[in-house]
Amino acid sequence: MTIEYALTRTEIVQGYFRGLKASPKFLFIVLFYFAVLAILILASTGAFSRPLTLVDAIIFVAIVVGSIPLLSLVLFVRAKTSKRSLTISPEGISTSVGKLQGQTPWRKIKVVSVTDEIILIAGANGNAYFIPNRAFSSPGQRSEFVDKVRNWMNAPEPA
């Protein structure tokens, strides 16, 4: 099944925040990567070669929490607003935006969250697809898409 749509920069940022709100699993993935970043920053300043302090904890929390809006800014600036094509099949997701193409097998998909406005599909690496309702010709096509995604994502891998 193939759908085509374009996203505005604002829709991409809104999709990111909706995804964080709608999916605890997606929120955990994003926070995990920000926590790793915070640990690396603290390590580079020598925080682990001495007893940790309250200031270290505040810096850690500030990096993790501050990275959430910072990433939205990065998403806004780097957003791909060209028409995109997204195809789902038993093998996974294939997508193209302009000249860029990519494939994601179902085993790498960790989150499927459906809200009234978007469908969020995200991998363990934090990459996500934000699919607006207008990408579908009807509510029935949207439901069929979601059903196929969930079935293929949960299907056992071939031996």
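Preceding block: the structure.
Bear in mind the structure is a predicted one, so any value in this text is a computation, not a measurement. (Residues numbered from 1 in each chain as written. Predicted model: local features only at pLDDT ≥ 70, side-chain atom pairs only at ≥ 80, totals over all residues. Heavy atoms only, no water.)

### Focus: the packing of helix α2 (residues 24-44) against helix α3 (residues 54-78)
Then, in step 1: Running from N to C, α2 and α3 point in directions that differ by 135°, and their axes come no closer than 9 Å. Relative to α3, α2 is oriented oblique. Of the two elements, α2 crosses α3, and the hand of that crossing is right-handed. Here α2 contributes Leu31, Phe34, Ala35, Leu37, Ala38, Ile39, Ile41 and Leu42 to the contact with α3, which in turn contributes Asp56, Ile59, Phe60, Ile63, Val64, Ser67, Ile68 and Leu71.
Then, in step 2: By residue class, the composition of the contact of α2 with α3 is 14 nonpolar, 1 polar and 1 charged. (Axes fitted to C-alpha atoms, helices over the stretch in contact; angles between N-to-C directions. Helix = DSSP H or I, 4+ residues; strand = E, 2+ residues; numbered from the N terminus. Parallel < 35°, antiparallel > 145°, perpendicular 65-115°, else oblique. Left-handed = near helix turned anticlockwise from the far one by under 90°. Contact = heavy atoms within 4.5 Å. Nonpolar A, V, L, I, M, F, W, Y, C, P; charged D, E, K, R; others polar.)

### Looking at the sheet that holds strand β3 (residues 92-97)
Then, in step 1: Taken in spatial order, the 4 strands of this open sheet run β1-β2-β3-β4, and their pairing is antiparallel. Each of the sheet's edge strands pairs with one partner strand only, and the pair in question is β1 (2-5) and β4 (100-105). Pairwise comparison of adjacent strand axes, ignoring direction, gives a mean angle of 15° for this sheet.
Then, in step 2: Pairing of β1 with strand β2 (residues 84-89), which is carried by 4 bridges, proceeds in the antiparallel orientation. Paired with isoleucine 3 across the two strands is leucine 86, which belongs to β2.
Then, in step 3: Of the strands in this sheet, β1 and β2 touch helix α4 (residues 139-154), which is tilted by about 55° from β2. (Pairing = 2+ DSSP bridges.)

### Some points on the environment of glutamine 103
Then, in step 1: Note that glutamine 103 resides in strand β4.
Then, in step 2: Each C-alpha atom of the pair glutamine 103 and isoleucine 88 lies 9.8 Å from the other, and the pair is 15 residues apart in sequence.
Then, in step 3: The residues contacting glutamine 103, other than those within four sequence positions of it, are Ile93 and Ser94.

### Points about the pattern of salt bridges
Then, in step 1: Scanning all chains against the criterion turns up 5 salt bridges.
Then, in step 2: Measuring nitrogen to oxygen at the nearest pair gives 3.0 Å for the salt bridge that ties glutamate 4 to lysine 83. With glutamate 4 in strand β1 and lysine 83 in the loop between α3 and β2, the pair connects residues that are 79 residues apart, well separated along the chain.
Then, in step 3: In this structure lysine 83 comes out as exposed when scored by relative accessible area, which is 55%.
Then, in step 4: Among the ionic pairs, arginine 18 bridges to glutamate 117, the shortest N-O distance being 3.8 Å. With arginine 18 in helix α1 (residues 9-22) and glutamate 117 in the loop between β5 (109-114) and β6 (118-123), this pair connects stretches of sequence that are 99 residues apart.
Then, in step 5: The exposure class assigned to glutamate 117 is partly exposed, which follows from its relative accessible area of 41%. (Salt bridge = Lys/Arg side-chain N within 4 Å of Asp/Glu carboxyl O. Buried < 20%, exposed > 50% of the residue type's maximum accessible area, 1.4 Å probe, protein only.)

### Topic: the packing of α1 against α2
Then, in step 1: The geometry of α1 relative to α2 is characterised by a closest axis approach of 5 Å and an angle of 110° between their N-to-C directions. Comparing their axes, α2 and α1 come out roughly perpendicular. Contact residues: Tyr16, Gly19, Leu20 and Ala22 in α1; Pro24, Phe26, Leu27, Val30 and Phe34 in α2.
Then, in step 2: The residue makeup of the contact of α1 with α2, split by class, is 8 nonpolar, 1 polar and no charged.

### Brief notes about the side chain of glutamine 141
Then, in step 1: Relative to the elements of secondary structure, glutamine 141 occurs in helix α4.
Then, in step 2: Classification of glutamine 141 by relative accessible area gives buried; the value is 18%.

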